[in-house]
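# Structural description and commentary
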Amino acid sequence: MQSSVSRKKTTTIGFTAILMWATLALLTKLSGPIPPFQLTAMSFTVAFFIGVATWIRDGGNPLDHLKLPKAVWALGIAGLFGYHFFYFMALQNAPAVEASLIAYLWPLLIVFVSALLPGERLKWFHVGGAIAGFIGAGLLITKGQSLSFDPRYTTGYLAALVCALTWSSYSLLSRRFGNIPTNAVGGFCGATAILAWLCHFMFEPTILPTGWQWIAILCLGLGPVGLAFFTWDYGVKHGDIKVLGALSYTAPLLSTILLIVCGLAEATWSIWLACLLIVGGAFLAIMDFFKPANDFQSH
């Protein structure tokens, strides 16, 4: 039996990933006109060294941490590299607004499909909170404008859907490998960096960062494209995955607020309405999370 205190602590650790992902848009803007695969490769290279640092801290031969089951390697690489690959593919083959909205179905999928996991129960407020969050995220992405799904962009729409399915599946299936230590994510980051470098050299020109752009890329690798994947892994394996799924919709909200504070975006009526929906949905989804007598099952 996992205590409610322990469950809350691990869920909170997982939530730090969402907070770090909120800085992704700002840091990406500050990194300058770096091609997407190059930026991914550089960021995940930094993230890989986070994993190496944890391996050295744990002692022994660091290479021993790469000795993982093939299924774990397949899941980790498909999750980290696959998500970014299909996301970029979606943006290249469909308008950014529609592609981003479809890709952001992953928190909703996590909430709904988590009911199939052993010991999990899906309640009405989890569903209601996740749906409110999705509507709020939709307002943020579309800025209150109407959507127009054009059949010409079917390839991009499908890629965005695969993107959502990839990250939600990675998050849910990671729970099945709860015995695999979180520092294994360092190996996934290294493999993702190698694949991203290959895609970069095949499909993109190389643009060398200058000045503060280097700092922004370093921060990306240390935070939203680095440590965030470690804390998310720990959270989805040992915390309340339904709560994490619903709270994931706070990332685009916090990201937008951060851009407004930094003068890179304007506050509009759609943002305030999105704020109400996302925050309200988050509180609804976690309404039983802080009950002292919560009876959590171990996983």
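Calculation notes
- Residues numbered from 1 in each chain as written.
- Predicted model: local features only at pLDDT ≥ 70, side-chain atom pairs only at ≥ 80, totals over all residues.
- Heavy atoms only, no water.
- UniProt positions renumbered as here; feature names shortened; annotations may be inferred.
- Helix = DSSP H or I, 4+ residues; strand = E, 2+ residues; numbered from the N terminus.
- Phe/Tyr/Trp six-rings, centres within 6.5 Å; stacked < 30°, edge-to-face > 60°.
- Buried < 20%, exposed > 50% of the residue type's maximum accessible area, 1.4 Å probe, protein only.
- Patch = residues over 30% accessible without salt bridge, like charges linked within 9 Å, V, L, I, M, F, W, Y side chains within 5 Å.
- Areas by Shrake-Rupley, 256 points an atom, 1.4 Å probe, with all protein chains shown as cover.
- Salt bridge = Lys/Arg side-chain N within 4 Å of Asp/Glu carboxyl O.
- Expected span 1.5 Å × (residues − 1).
- Arc of directions from axis to C-beta.
- Contact = heavy atoms within 4.5 Å.

To continue, consider the UniProt feature "domain: EamA" (unreviewed entry) in the chain. According to UniProt, the positions carrying the feature "domain: EamA" (unreviewed entry) are residues 14-141 and 155-286. Across residues 155-286, the secondary structure splits into 77% helix and 0% strand, with the terminal C-alpha atoms separated by 36 Å.

The next point concerns the packing of aromatic side chains. Evaluated as defined, the whole model comprises 24 aromatic pairs. Consider the rings of Trp-21 and Trp-167, whose centres lie 6.0 Å apart with planes at 80 degrees: the pair is edge-to-face. Here Trp-21, found in helix H1 (residues 4-21), pairs with Trp-167, found in helix H8 (residues 154-174); they are 146 residues apart in sequence, far enough to count as distant. Exposure class is identical for Trp-21 and Trp-167. Each is buried. Relative to Tyr-87, the ring of Tyr-83 lies with its centre 6.1 Å away and its plane at 5 degrees, an arrangement referred to as stacked. Separated by 4 residues within a single helix, Tyr-83 and Tyr-87 lie in helix H4 (residues 70-93), roughly one turn from each other. Classification of Tyr-83 as buried rests on a relative accessible area of 17%. For Tyr-87, a relative accessible area of 25% corresponds to the partly exposed category.

Turning to the side chain of Arg-7, a few remarks are in order. Tracing the backbone shows Arg-7 in helix H1. Residue Arg-7 is classed as buried on the basis of its relative accessible area of 2%.

Before going further, it helps to examine a nonpolar patch on the surface. A surface patch of nonpolar side chains, amounting to about 510 Å² of accessible area, comprises Phe-112, Val-113, Leu-116, Leu-122, Ile-131 and Ile-135. At the level of secondary structure, the elements contributing two or more residues to the nonpolar patch comprise helix H6 (106-113) and helix H7 (124-142). Tracing the chain through its elements places Val-113 in helix H6. In this structure Val-113 comes out as partly exposed when scored by relative accessible area, which is 34%.

Right, let's get into helix H13 (residues 269-285). With 17 residues, H13 should reach 24 Å at 1.5 Å per residue; the first-to-last C-alpha distance of 24 Å fits that figure. Within the sequence span of H13, burial applies to Ser-270, Ile-271, Ala-274, Ile-278, Gly-281, Ala-282 and Ala-285. Angularly, the buried residues of H13 cover 100 degrees about the axis, an arc narrow enough to put them on a single face. Away from its buried face by more than 90 degrees, H13 exposes Trp-269, Trp-272, Leu-276 and Phe-283. Here the buried face of H13 lies against H7, helix H11 (241-247) and helix H12 (250-261).

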